[in-house]
Amino acid sequence: RHTTATLHYTGRKFIRDLVKYAWKFPKGPPRELSAIVIDNAGLSDLAKQLQKATPKDLEAADKLEGFMKAAAVTGVSTREAVYEQIKEAKFSIKGLSLWDLLRRDFKRVNADSEHQLEIVCSTITGMDFVELLEHRDFGQVTRRFCEEHGAQVLVCITVGNISVTSSDTSVASAIRLGLVVTALHDHRNLAEKLWRHLMASKVLCLEPPSKESKLNGGAESVVFAATITNKAVTRKQAIPILIEFLRSER
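Residues numbered from 1 in each chain as written. Predicted model: local features only at pLDDT ≥ 70, side-chain atom pairs only at ≥ 80, totals over all residues. Heavy atoms only, no water.

**Observations regarding the side chain of Thr142**
Within the fold, Thr142 resides in helix 9 (residues 138-148). Residue Thr142 is classed as buried on the basis of its relative accessible area of 2%. Side-chain polar atoms of Thr142 contact the backbone oxygen of Phe138, separated by 2.6 Å. Among residues more than four places away in sequence, those in contact with Thr142 are Leu102, Asp137, Leu154 and Thr182. (Helix = DSSP H or I, 4+ residues; strand = E, 2+ residues; numbered from the N terminus. Buried < 20%, exposed > 50% of the residue type's maximum accessible area, 1.4 Å probe, protein only. Polar contact = N/O pair within 3.5 Å; in protein donor to acceptor, adjacent residues only side chain to side chain. Contact = heavy atoms within 4.5 Å.)

Right, here's the structure in full:
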């Protein structure tokens, strides 16, 4: 999924070359790892500083770097340059609807196969949580998304750009992580309990907005939102917290 999207958004020759090289192999690591290059935290120097990359991430990145050299991939100077171009592609959401963004990268979360409660968790890259909340279709689309996947609650992890004014009054762009929880009013109590559970997490380090954002859930939905201040957080860290909550609701 990511490979196709990245090729569509960037047309970067190095990705085409790498995928073409990897798929020469009927099976094995080159072919399997070709997809990882699209979304590998190990390619980022910042991720390593934040300890966001696991040892397996770093190992995979090393192997991918070797494959790129073997394939004589052009236009790539450093591993960080690869990561930046991939990030640029992921942030390019022009032409995508909110429905597209929700389904582009999501996972269904439940405690076990017999457990009735289910949460759907979507990572939205390229849109800040405030922009998500103010989207005119937010209420309608998020309700439909929950219904389609049989989930009581939708959790969105957003990775978006915001404008930051520095001490010299210049305006720069920065990346902000956000968390949005929404559910139909029928599941309001469950959503509120989940929100309290998430707010208490020492992993996520949530910080509610300093001023009220427009919560565009509509009359039928309840919505909660906050900034994730732990910059090392990804969905990989959030899902165990969601599972822990679901198990507590048995």
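Having seen the structure, we can now continue with the description.
**A closer look at the side chain of Thr158**
Its location among the elements puts Thr158 in strand 3 (residues 153-165). A distance of 3.3 Å separates the side chain of Thr158 from the backbone nitrogen of Phe129, its partner in a polar contact. Apart from residues lying up to four places away in sequence, Thr158 is in contact with Ile124, Met127, Asp128, Phe129, Leu132, Arg176, Leu177 and Gly178.

**Structural notes on unusual backbone geometry**
Although it is not a glycine, Cys205 sits at a positive phi angle of roughly 55°. Topologically, Cys205 is positioned in the loop between helix 10 (188-199) and strand 5 (206-207). Exposure remark for Cys205: the relative accessible area of 31% places this residue in the partly exposed category.

**Description of the confidence of the model for the protein chain**
The pLDDT averaged across the protein chain works out to 78; a share of 70% of its residues lies at or above 70. Considering only residues more than four positions removed or in separate chains, one finds that residues 1-12, a stretch of pLDDT under 50, has 24 contacts. Low pLDDT, under 50, characterises residues 29-35; the stretch is placed with 16 contacts to residues that sit more than four places away or in other chains. (pLDDT = per-residue confidence, 0-100.)

**Comments concerning the pairing of strand 6 (residues 221-228)**
In terms of residue burial, strand 6 counts as a mostly covered element, since eight of its eight residues are buried. As paired strands, strand 5 and strand 6 are joined by two bridges and run antiparallel to one another. Each residue of the ladder has a partner; that of Glu207, found in strand 6, is Thr227. (Pairing = 2+ DSSP bridges.)

**Quick look at the nonpolar core**
Counting 32 residues, the largest nonpolar core has Ile119, Val155, Leu179, Leu194 and Leu198 as the members making the most contacts within it. Within the residue set of this core, elements represented by two or more residues are strand 2 (119-125), strand 3, strand 4 (171-184), helix 10, strand 6 and helix 11 (235-248). Here the element with the most residues in this core is helix 11; it accounts for six residues. Ignoring sequence-local partners within four residues, the contact set of Leu179 consists of Val155, Cys156, Ile157, Trp195, Leu198, Leu204, Leu206, Phe224, Ala225, Ala226 and Ile228. (Core = buried A, V, L, I, M, F, W, Y, C linked by side-chain atoms within 4.5 Å.)

**Quick look at helix 9**
Turning to helix 9, its buried residues number three or more, namely Phe138, Gly139, Val141, Thr142, Arg143, Phe145 and Cys146. A positive phi of about 65° marks Gly150, the residue just after helix 9.

**Thoughts on the pattern of salt bridges**
A pair can form between side chains of opposite charge whenever their charged atoms are brought close. Tallied over the full model, the rule gives five salt bridges. Here Arg235 ties to Asp105 by a salt bridge, and the two come within 2.8 Å at their closest N and O atoms. In this pair, Arg235 sits in helix 11 while Asp105 sits in the loop between helix 7 (98-104) and strand 1 (106-109), placing the two residues 130 residues apart along the sequence. The partner of Glu192 in a salt bridge is Arg188, with the nearest N and O atoms 2.9 Å apart. With a gap of four residues between them, Glu192 and Arg188 both fall in helix 10, about one helical turn apart. Classification of Arg188 by relative accessible area gives partly exposed; the value is 33%. (Salt bridge = Lys/Arg side-chain N within 4 Å of Asp/Glu carboxyl O.)

**What to know about the pairing of strand 2**
A large share of strand 2 lies buried, amounting to seven of its seven residues. Here strand 2 shows a buried face lined by Ile119, Cys121, Thr123 and Thr125 and a second buried face lined by Val120, Ser122 and Ile124. Here strand 1 runs beside strand 2; their pairing, made up of four bridges, is antiparallel. By the bridge assignment, Lys107 is partnered in strand 2 with Cys121.

**Notes on the packing of aromatic side chains**
A full pass over the atoms with the stated rule returns three aromatic pairs. Look at Phe106 and Phe145: their rings are 5.4 Å apart centre to centre, the planes differ by 80°, and that puts the pair in the edge-to-face class. Residue Phe106 is found in strand 1, and its partner Phe145 is found in helix 9; the two are separated by 39 residues along the sequence. With a centroid separation of 5.6 Å and an interplanar angle of 15°, the aromatic rings of Trp195 and Phe224 are classed as stacked. You can see Trp195 sitting in helix 10 and its partner Phe224 sitting in strand 6, a full 29 residues away along the chain. Among the residues examined, Trp195 registers a relative accessible area of 11% and is labelled buried. Under the relative-accessibility criterion, Phe224 is labelled buried at 17%. One aromatic cluster is present, built from ring pairs that chain together Trp99, Phe106 and Phe145. Lying over the aromatic face of Trp99, Arg144 brings its terminal NZ or CZ to 3.9 Å of the ring centre. (Phe/Tyr/Trp six-rings, centres within 6.5 Å; stacked < 30°, edge-to-face > 60°. Lys NZ or Arg CZ within 6 Å of the ring centre and 35° of its normal.)

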